[in-house]
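Understanding the architecture of this molecule
Each chain, written out:
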Amino acid sequence: PMDTVYNTETGFSGRALTFAHTDAGILYSANCAGIGLGLFNTSTGESSLLSGDATRAALSPNGSQVAAIINGSIAGFNLASGGQQTISTGYAADQIGWRDNSMLVYSARHLMDSPLPLSTEEAQALANRYGMSSDDVPRYNVSIHQLSLSGGETQLYRGPGWAVGRMFVSQGTLYFSLVP
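Rules used in this analysis
- Residues numbered from 1 in each chain as written.
- Predicted model: local features only at pLDDT ≥ 70, side-chain atom pairs only at ≥ 80, totals over all residues.
- Heavy atoms only, no water.
- Helix = DSSP H or I, 4+ residues; strand = E, 2+ residues; numbered from the N terminus.
- Buried < 20%, exposed > 50% of the residue type's maximum accessible area, 1.4 Å probe, protein only.
- Areas by Shrake-Rupley, 256 points an atom, 1.4 Å probe, with all protein chains shown as cover.
- Lys, Arg positive; Asp, Glu negative; His and termini not counted.
- Charge placed at Lys NZ, Arg CZ, Asp CG, Glu CD.
- Pairing = 2+ DSSP bridges.
- Axes fitted to C-alpha atoms, helices over the stretch in contact; angles between N-to-C directions.
- Contact = heavy atoms within 4.5 Å.

To continue, consider the overall build of the chain. Assigned secondary structure in the chain consists of two helices and 13 strands. Along the three orthogonal principal directions, the C-alpha set of the chain runs to about 65 × 35 × 25 Å. For the chain, with 180 residues in total, the buried portion stands at 38%. Summed over its atoms, the accessible surface of the chain is roughly 9800 Å², and 51% of this surface lies on carbon and sulfur atoms. Side chains of the chain give 8 positive and 13 negative charges; the mean places of these two sets differ by 3 Å.

In structure tokens, the structure reads:
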């Protein structure tokens, strides 16, 4: 059930599709799997691929930049110039968002060593229904980090959960959905 909730929150496999109007053009997912990021110039009718591997894109509040995940790392794209930078993180990023135009937030998942704590009845039901033991069900902690584009990272949250679904900042406060 965790994957179903995660997919509902974030798009299939955590990759929501992107389709947003910006001053530089229309930012869009390059395919239906949410992998690849393109920019369509509405003045010239030309489309350019920003990255064939970018996924889980988040547009900055002022619409001039987009951050995306490429192989677990965060990449920043300046939509006006087409410039790209890799932004170092302490952990592999799962979901990303913007705190303001110079700071990002990202979530990470941390696999726990201990098995899922189940009662005898719950363990038996899992075995009967799915043929699984509690050792077969991965358990995670999640964390959320604030990341400055100029360097520096701060952990804002860490706790049990399958994943963080969505994140946004409003009036300086971070809001997020947690997939338990």
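More follows now that the structure is in view.
Moving on, we get to the pairing of strand 10 (residues 140-148). Of all nine residues in strand 10, nine are buried, a share of seventy percent or more. Both faces of strand 10 are covered, namely the face carrying Tyr 140, Val 142, Ile 144, Gln 146 and Ser 148 and the face carrying Asn 141, Ser 143, His 145 and Leu 147. Inspection of the sheet shows strand 9 (residues 103-111) paired to strand 10 by nine bridges, in the antiparallel sense. Across the sheet, the residue bridging to His 110 is Asn 141, located in strand 10. With seven bridges connecting them, strand 10 and strand 11 (residues 153-160) associate as antiparallel partners. From the neighbouring strand, Val 142 faces strand 11, where its bridge partner is Gly 159. Taken together, strand 10 and the strand that follows it, strand 11, pair antiparallel across an intervening segment of four residues, in which Gly 151 is found at a positive phi of about 115 degrees.

With antiparallel pairing, the four strands of this open sheet are ordered in space as 8-9-10-11. Of all strands in the sheet, those bounded by a partner on one side alone are strand 8 (95-100) and strand 11. Pairs of neighbouring strands in the sheet enclose a mean axial angle of 25 degrees, with direction left out of account.

All right, on to the environment of Leu 39 then. Mapping Leu 39 onto the fold places it in strand 3 (residues 35-40). Residue classification places Leu 39 among the buried residues on the basis of a relative accessible area of 8%. For the pair Leu 39 and Gly 25, spaced 14 residues apart in sequence, the C-alpha separation works out to 6.1 Å. Those residues in contact with Leu 39, other than ones at most four positions away along the chain, are Thr 22, Ala 24, Gly 25, Ile 26, Leu 27, Tyr 28, Glu 46, Ser 47, Ser 48, Leu 50 and Leu 79.

On to the sheet that holds strand 6 (residues 73-78), then. Read across the open sheet, the seven strands follow the order 1-2-3-4-5-6-7; overall the sheet is antiparallel. Where the open sheet ends on each side, the last strands, each with one partner, are strand 1 (19-22) and strand 7 (84-87). For this sheet, the mean angle separating the axes of adjacent strands, direction not counted, is 40 degrees. Relative to strand 3, strand 2 (residues 25-29) runs antiparallel, the two being bridged by four bridges. Looking at the pairing, Leu 27 lines up with Leu 39 of strand 3.

Our next topic: the side chain of Asn 141. Mapped onto the secondary structure, Asn 141 falls in strand 10. Note on Asn 141: relative accessible area 18%, which makes it buried. Excluding residues within four positions of it along the chain, Asn 141 makes contact with Ala 108, Arg 109, His 110, Met 112, Arg 158, Gly 159, Pro 160 and Gly 161.

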